[in-house]
Amino acid sequence: MRLTKRSVTLLYLSSCKIFADLLFLYGFFSFGYNDSLTSTPNDLPSTLRPNPNHSEPWRFDTRRLYQKSVNRVVLMVIDGIRYDFFMEPEYNVFMPFSIDLIKQNQSCLFRTRVNAPTVTMPRIKALTTGTVPNFIDLVLNLDSSAVQQDSIIYQACAANKHVIFYGDDTWLKLFPNSFIRYDGITSFYISDYTEVDNNVTRHLENELKSSADWDIMILHYLGLDHIGHMGGPRSKLMPNKLSEMDNIIQRIVNYMNSEESELPSILIVCGDHGMRDNGGHGGSSIGEVVVPLFVYFKNKICGGSIEGEIMQTDFVPTISVIMGLPIPSGNTGKLIHKILQNLNINEILFAYHYNTQQIYKNYNSRKGLMNKGFMKDFNHAIFSYYDWLKKENASIDQALHIISLYESALNGMSNYLVKSIAKFDVFLIIVSIILSIQINDMDKNVFYTLCGSLVHILSLFSSSYIEEEHQLLYHLWTGFSAIQVYMAFVEHNYVTTAKWIVSMVLHRFCKDLNYIGNQWSGFYSLGDWFRESHNQSYMSALMVIGILSTFFTCINIYKAGKYNKRFNTLNYIIYFLYFWTLCCVYMYRVETKEVSVPYGYNILKLIFCLNTWTITWYLLVGFHIVSVIKHNNNKWNNAVCILIVLLILRLSLLLRPHNILLPAVLVFTCKLIRLKNWNTLTMTIIHYWLSLIFFFYQGNSNSIGTLDIVPGYIGQTSYDPVIAGIHIFTHMFGFPMLIYLFLVLDQKFLGLQKLCMLNVTQSCVYNLVILLFHNHLFIWSVFSPKLLYISTFTCTTYIFSALIVILLSVCGISYQKEFNV
């Protein structure tokens, strides 16, 4: 095997691009909120002096004004719960006890907004530290490490409070050695939505006793989120899960009502994040970022459904105040007035003053401007509070006015702090862009590529177009297909005309399978219709059609790669194994209750189980290797076609059932393109567009929320992060890889080279976009997720390029002959 100078150069420059991307990511994303300070009781304001000229400051009795006002705190986190689960009749009918408490004003329900990324680990940080975690925590969510910042967990332990925890083991990783009793459950095995919650609830029998020694009990339930990943909020499993959560709330409330203590206990039910309309989370749609905060005090009128909106970080200072704990030093949250009802007016005013002073300290350290309107309210609040304290008969109305001034100051300073958390190393960002631009010099045709993809590239400068990128690509492809229909018809090539018309119909079908983007958010897609339980027969028919189409597609591709077209025993064995693997796919979907049970099910499930799928697929790998070795001629076509078939079969297992037709449509489209002898640049651009189009067809988008992690757990009986990662990656980027394989099947090294250049061009332009828009309002919700996707696409293309270069060398393909043509 011998690598040529051109192939080595391509690999080297591709490696440089990967390095440039990593450099850009390191410079763009803030990798740490380096605040190691911790609050102490000494941070409580002891005096109030409106200005340095006041000779007589007011001295606070902090022990009287700042003390514990609740007996015990139960924090019940329901992973993935949405605000509309409490508000919409479609869902809240399954939570009658909780809804009655809200309607009778015996509890409060707050509309709570969370920041992106909407994944568990950064949201737990927000709930405990009061800070907005860095966007890069989205990646770190897979491997949580101990929180280094001040938090309510740290403050509770420092005050000798007994904290217990049951549920998602992310808490144990974030706060090691903080709980006197605990039982952690892995959050990544999403196929389990029953035992994962039963393992939490089983501890309640012992903990809900008067003799229990805890002060704070944290329960983190995962089952509802797992159901959302598998079937979305309208899954037929959701009603029972909501009812289960409601019963647990009732159980805890009954325990609180039976308590005999001077102070009431408090139950707080909240979501760490919400859920997309199509299931999953991670993005910034309404369903993902708006969650409930349900609060219950024993024998207290709370106010029912509260108008307005609070931030998730507001939980931290509020819980600190009612527990009599110092507010964590890095907190950016504001007090929630309704939850302070157990405090008298003097205690509430002091709490607001303390919260404002704590926020002001951070605001001042980050060089916040003092001439803002909210800072005038801050100064006015201090003067007014001082005067109120001096008066003997100060009115409640005056106190409420002071609170409103403090709230205005808190809102302004908090918003500034949230925006200032992001840190950018502009020098590294510029260096990475320069390095990427230099890489483009390796192919002068990149300027033609830029012209051909100008509209697509320019769309990267708009947040709205990034969110709806798929729409632009759909229109580009539809226009291209329409031109081909016209050209074929003019040339009187009616067979080709018919094929392009069929292709347009199939693509329209694929487009309607999954609606993505904000424009179609919440709309009922064709895939949603197929997933309805009463449409299971239609889903089964679609699955059968898809499997048969895949079967004949695999045979057709395998035959296309053979130099000798004659049938032999090996061919028949391979075809039989194709059919076997696809039967296993159908039976797996029967086991997951997504398609109808076939005749003879009890026997079929023993024969076509997932274990036999694995064995059969690896047998196919072996037989295909033998097939390549036996035939010395046409090794390149044979090898690439075999890779295509093996990837299609693996994707058939990982794809959602309603997407089962996508591989056959993809192959039909790629073969249709090959009928025309276009130049390499044109072919590369077309295949690049198709790779993105099919990426979107299967339900992916530029939002992290559409990342489907369910395929990672197919066939797993326990959580294995390596296998899960491989499955998720294959499911997400399998279609682009298939299309790239079709590109290099004919275009070989030249197509690969231009593909790399096209990918590098888009990446370079987007890096420039990020540099220009790093202060944009949607930098974290829109631009940053797209940056992660582009970087991942770049890495994937590099890995693909390296493998193809090696395969070209093994097959003895001459690059020089290509360049001489």
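Parameters and conventions
Residues numbered from 1 in each chain as written. Predicted model: local features only at pLDDT ≥ 70, side-chain atom pairs only at ≥ 80, totals over all residues. Heavy atoms only, no water. Helix = DSSP H or I, 4+ residues; strand = E, 2+ residues; numbered from the N terminus. Buried < 20%, exposed > 50% of the residue type's maximum accessible area, 1.4 Å probe, protein only. Contact = heavy atoms within 4.5 Å. Areas by Shrake-Rupley, 256 points an atom, 1.4 Å probe, with all protein chains shown as cover. Pairing = 2+ DSSP bridges. Axes fitted to C-alpha atoms, helices over the stretch in contact; angles between N-to-C directions. Core = buried A, V, L, I, M, F, W, Y, C linked by side-chain atoms within 4.5 Å. Left-handed = near helix turned anticlockwise from the far one by under 90°. Nonpolar A, V, L, I, M, F, W, Y, C, P; charged D, E, K, R; others polar. Phe/Tyr/Trp six-rings, centres within 6.5 Å; stacked < 30°, edge-to-face > 60°. Lys NZ or Arg CZ within 6 Å of the ring centre and 35° of its normal. Polar contact = N/O pair within 3.5 Å; in protein donor to acceptor, adjacent residues only side chain to side chain. Salt bridge = Lys/Arg side-chain N within 4 Å of Asp/Glu carboxyl O. Disulfide = S-S within 2.5 Å. Patch = residues over 30% accessible without salt bridge, like charges linked within 9 Å, V, L, I, M, F, W, Y side chains within 5 Å. Parallel < 35°, antiparallel > 145°, perpendicular 65-115°, else oblique. pLDDT = per-residue confidence, 0-100.

**Student:** How would you explain the overall build of the chain if you had to name every residue and give the values?
**Tutor:** Counting its regular elements, the chain contains 35 helices and 10 strands. By residue count, 59% of the 821 residues in the chain fall in the buried class. When contacts within the chain are restricted to residue pairs at least 6 apart in sequence, long-range pairs at least 24 apart make up 77% of them. Working note: accessible area of the chain is about 34,300 Å², and carbon and sulfur atoms make up 58% of it.

**Student:** I'd love a proper account of the sheet that holds strand β9 (residues 290–297), names of residues and values included.
**Tutor:** The strand order across the open sheet formed by eight strands is β6-β5-β7-β3-β8-β9-β4-β10, and the pairing between neighbours is mixed. In the strand order of this sheet, the two ends are held by β6 (181–185) and β10 (304–311), each with one partner. On average, adjacent strands in this sheet sit at an angle of 15° to one another, irrespective of strand direction. Note: strand β3 (residues 73–78) against strand β7 (residues 216–221), six bridges, orientation parallel. Note that in β7 the partner of V74 across the bridge is M217.

**Student:** Tell me about the nonpolar core, and name the residues and values.
**Tutor:** With 120 residues, the main nonpolar core has Y578, L666, F694 and Y766 as its most contacted residues. The greatest single-element share of this core, amounting to 20 residues, is contributed by helix α33 (residues 721–772). Setting aside residues no more than four positions away along its own chain, L666 makes contact with F694, F735, L738, I739 and F742. Residues L44, M121, L335 and L405 belong to the second largest nonpolar core, which totals 74 residues.

**Student:** Before we move on, could you go through the packing of helix α30 (residues 635–654) against helix α34 (residues 779–810) and cite the residues and values that matter?
**Tutor:** For the pair α30 and α34, the least separation of the axes is 10 Å and the interaxial angle reads 145°. Relative to α34, the crossing made by α30 is right-handed. Contacts from W636, A639, V640 and L643 in α30 reach I804, L807 and L808 in α34. The residue makeup of the contact of α30 with α34, split by class, is seven nonpolar, no polar and no charged.

**Student:** Explain the packing of aromatic side chains residue by residue, including any values.
**Tutor:** Per the stated rule, a full pass over the model turns up 41 aromatic pairs. For the pair F729 and F733, a centre-to-centre distance of 5.1 Å together with 45° between the ring planes defines the contact as tilted. Taken together, the residues span about one helical turn, with F729 and F733 both in helix α33 at a distance of four residues. Among the aromatic residues, ring-to-ring pairing joins F60, Y66, F350, Y354, Y385 and Y406 into one connected group. The side chain of R650 reaches across the aromatic face of W617, ending 4.2 Å from its centre.

**Student:** Explain the side chain of S107 to me, and be specific about the residues and the numbers.
**Tutor:** Its place among the elements puts S107 in strand β4 (residues 107–113). A distance of 3.4 Å separates a polar atom in the side chain of S107 from the backbone nitrogen of I102. The contact partners of S107, leaving out residues within four places of it in the chain, are S98, L101, I102, F294, V295, Y296, C302, G303 and G304.

**Student:** Give me the environment of N679: which residues, what numbers.
**Tutor:** You can see N679 is positioned in the loop between α31 (662–673) and α32 (680–697). Between the C-alpha atoms of N679 and Q747, which are 68 residues apart in sequence, the distance is 9.2 Å. A distance of 2.8 Å separates the side chain of N679 from the backbone nitrogen of T682, its partner in a polar contact.

**Student:** How would you sum up the pattern of salt bridges? Please name residues and give values.
**Tutor:** Tallied over the entire structure, the rule returns 19 salt bridges. Between E469 and K786 there is a salt bridge, with its nearest N and O atoms 2.7 Å apart. Here K786 lies in helix α34 and E469 lies in helix α23 (residues 469–490), a separation of 317 residues in the sequence. Its relative accessible area of 2% is what places E469 among the buried residues. Ionic pairing is found between D528 and R531, a salt bridge with its closest N-O pair at 2.4 Å. Taken as a pair, D528 and R531 lie in helix α25 (residues 526–531) at a separation of three residues, close to a single helical turn.

**Student:** I'd like a description of the state of the cysteines, backed by residues and values.
**Tutor:** As enumerated under the stated definition, the model contains one disulfide in all. There is a disulfide in this structure between C108 and C302, and the S-S distance comes to 1.7 Å. Taking the torsion about the sulfur-sulfur bond, which here is approximately -115°, the covalent link between C108 and C302 counts as left-handed. Residue C108 is found in strand β4, and its partner C302 is found in the loop between β9 and β10; the two are separated by 194 residues along the sequence. Of the two residues, C108 and C302, both sit in the buried class.

**Student:** Give me the lowdown on the side chain of H281, citing residues and values where you can.
**Tutor:** Mapped onto the secondary structure, H281 falls in the loop between β8 (266–270) and α14 (286–289). Residue H281 is classed as buried on the basis of its relative accessible area, which comes to 11%. Among the polar contacts listed, one links the side chain of H281 to the backbone oxygen of T118, at a separation of 2.7 Å. A polar side-chain atom of H281 sits 3.1 Å from a polar atom in the side chain of H229.

**Student:** Let's hear about a nonpolar patch on the surface: which residues, and what values?
**Tutor:** On the surface, L454, L458, F461, L768 and L772 cluster together into a nonpolar patch covering about 440 Å² of accessible area. Listed by contribution, the elements that provide at least two residues to the nonpolar patch are α21 (454–458) and α33. Mapped onto the fold, L458 is located in helix α21.

**Student:** An account of helix α15 (residues 315–323) is needed here, citing residue identities and associated values.
**Tutor:** Counting buried positions along α15 yields nine of nine residues, so the element is predominantly enclosed. Along α15, the residues that are buried comprise F315, V316, P317, T318, I319, S320, V321, I322 and M323. After α15 finishes, the residue G324 shows a positive phi value of roughly 70°.

**Student:** Which residues make up the packing of helix α17 (residues 373–390) against helix α18 (residues 396–420), and what are the values?
**Tutor:** Between α17 and α18, the shortest axis-to-axis distance is 8 Å and the interhelical angle comes to 150°. The angle between α17 and α18 falls in the class roughly antiparallel. For the element pair α17 and α18, the recorded crossing hand is left-handed. On α18, the residues that touch F374, M375, D377, F378, H380, A381, I382, S384, Y385 and W388 of α17 are Q398, A399, H401, I402, L405, Y406, S408, A409, G412 and M413. Each residue belonging to the contact of α17 with α18 can be placed in one class, and the counts come to 13 nonpolar, six polar and one charged.

**Student:** I'd like to hear about the pairing of β9, residue by residue, with values.
**Tutor:** Put simply, side chains in a regular strand alternate between the two faces of the sheet. For β9, a buried count of eight out of eight residues is recorded, marking the element as mostly surrounded by other parts of the structure. Neither face of β9 is left uncovered, since the one carrying V290, P292, F294 and Y296 and the one carrying V291, L293, V295 and F297 both have all their residues buried. The pairing of β4 with β9 spans seven bridges and is antiparallel. By the bridge assignment, L109 is partnered in β9 with F294. Alignment of β8 against β9, held across five bridges, turns out to be antiparallel. Each residue of the ladder has a partner; that of V269, found in β9, is F294.

**Student:** Just give me the short version of the environment of K419, but keep the residues and values in it.
**Tutor:** Secondary-structure assignment places K419 in helix α18. Residue classification places K419 among the exposed positions, given a relative accessible area of 67%.

**Student:** An account of unusual backbone geometry is requested, with residue identities and associated values reported.
**Tutor:** Note on backbone geometry: most residues besides glycine have negative phi, and most peptide bonds are trans. The phi angle at N160 is positive, at roughly 65°, despite the residue not being glycine. Tracing the backbone through its elements, the reader meets N160 in the loop between α8 (152–158) and β5 (163–168). The exposure class of N160 is exposed, given its relative accessible area of 64%. Even without being a glycine, K748 presents a positive backbone phi close to 50°.

**Student:** Describe the confidence of the model for the chain, listing the residues and the values that go with them.
**Tutor:** Mean pLDDT over the chain stands at 85; residues scoring 70 or higher make up 89%. Low pLDDT, under 50, characterises residues 441–452; the predicted model gives this stretch 20 contacts beyond four residues in sequence or across chains.

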